[in-house]
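Structure at a glance
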Amino acid sequence: MKVGIIMGSDSDLPIMQEAIDILKEFGIPIEVDIVSAHRTPEKLVDFSTNAHKKGFSVIIAGAGGAAHLPGMVASMSPLPVIGVPVKSRNSIDGWDSVLSILQMPGGVPVATVALDGAKNAGILAAQIIGASNPAVLDTIIAYKEGLKAKVIAASERVRNL
């Protein structure tokens, strides 16, 4: 049980850090790396075709601009891939990244979260693992109960204004 978190460049790290942080909070082992679909295609092929042999359960791939990384990984890996569209400096308001990741052809699915939604990608990866790992499932249940408690507390504060 391990999640691979990859990104196209180190400029994506501030966004992808949210996935790293939430998975660490859940106690799920991770490996983080830069794998550029356009600048290191050999590394992309090696990572994608061998990730399942290296103990990964899920891959989170973040990319901006043309954002080919998640789809290319999904085309070569049997593992679930979660794509994080990143609004980068060369992006068209992030829509190019969203559509590049979202509009995959039949047979090559990529679960896609919101623009800059790495935290949700981490949570989704944990939920995928939790479907077959009771300890991780319990962690997710506790996390969601914590979210519920925060909303109830905020509701009480607002109603008492």
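Heads up: the structure comes first, above all this text.
Source: prediction; values computed, not measured.

1. Some thoughts on the sheet that holds strand S5 (residues 111-112)
The strand order across the open sheet formed by 5 strands is S2-S1-S3-S4-S5, and the pairing between neighbours is parallel. The open sheet terminates on both sides in strands that have one partner only, identified here as strand S2 (30-34) and S5. Lying over the sheet, helix H1 (residues 13-25) contacts strand S1 (3-7), S2, strand S3 (58-64) and strand S4 (81-86), oriented at roughly 170° with respect to S1.

2. Observations regarding the packing of aromatic side chains
For the structure on display, the rule yields 2 aromatic pairs. Positioned above the aromatic ring of phenylalanine 56 is the side chain of lysine 2, whose terminal nitrogen or guanidinium carbon lies 4.6 Å from the ring centre.

3. A short note on the pairing of S4
Across the 6 residues of S4, 6 count as buried, placing the element largely inside the fold. Side chains Val81, Gly83 and Pro85 of S4 all project onto a buried face; the interleaved residues Ile82, Val84 and Val86 project onto the opposite face, where all are buried too. In terms of strand pairing, S3 meets S4 through 6 bridges, oriented parallel. Counted as the bridge partner of alanine 61 is glycine 83 from S4.

4. Here's the deal with the nonpolar core
In this structure, Val3, Ile5, Leu23, Phe26, Ile28, Ile60 and Val84 are the most contacted members of the largest nonpolar core, which totals 26 residues. Beyond its immediate stretch of four places on either side in the chain, leucine 23 contacts Val3, Ile5, Ile28, Ile30, Ile60, Gly122, Ala125 and Ala126. Ile59, Ala61, Ala67 and Ile101 belong to the second-largest nonpolar core, a separate cluster that totals 19 residues.

5. Overview of unusual backbone geometry
Unlike most non-glycine residues, alanine 67 shows phi in positive territory, near 55°. Within the secondary structure, alanine 67 is located in the loop between S3 and helix H3 (69-76). Positive phi is not limited to glycine here, since aspartate 93 has a value of about 55°. Along the polypeptide, aspartate 93 turns up in the loop between S4 and helix H4 (95-102). According to the relative accessible area criterion, aspartate 93 is exposed, its value standing at 53%.

Calculation criteria
Starting from 1, residues in each chain are numbered consecutively following that chain's sequence as written. Residue-level local features of this predicted model are given only where pLDDT is at least 70; pairs of side-chain atoms are given and counted only at 80 or more, and the full residue set underlies all totals for whole chains, interfaces and linings. Each side-chain value is worked out from all heavy atoms of the structure, with water and hydrogens disregarded. At least two bridges found by DSSP between two strands are what make those strands a pair. Elements are defined by DSSP. Helices are runs of H or I of four residues or more, strands are runs of E of two residues or more, and each kind is numbered from the N terminus. Residue contacts follow a heavy-atom distance rule, with two residues in contact if any of their heavy atoms lie within 4.5 Å. Fitted lines through C-alpha atoms give the axes, limited to the stretch in contact for helices. The angle between two N-to-C directions lies from 0 to 180 degrees. Only Phe, Tyr and Trp rings are paired, with Trp represented by its six-membered ring, and only when their centres lie within 6.5 Å; those with planes under 30 degrees apart are stacked, over 60 edge-to-face, the remainder tilted. Two limits define a charge over a ring: the Lys NZ or Arg CZ must be within 6 Å of the ring centre, and within 35 degrees of the ring normal. Burial classes: relative accessible area under 20% of the type maximum marks a residue as buried, over 50% as exposed, and values in between as partly exposed (1.4 Å probe, protein chains only). To form a nonpolar core, buried Ala, Val, Leu, Ile, Met, Phe, Trp, Tyr and Cys residues must be joined to one another through side-chain atoms within 4.5 Å.

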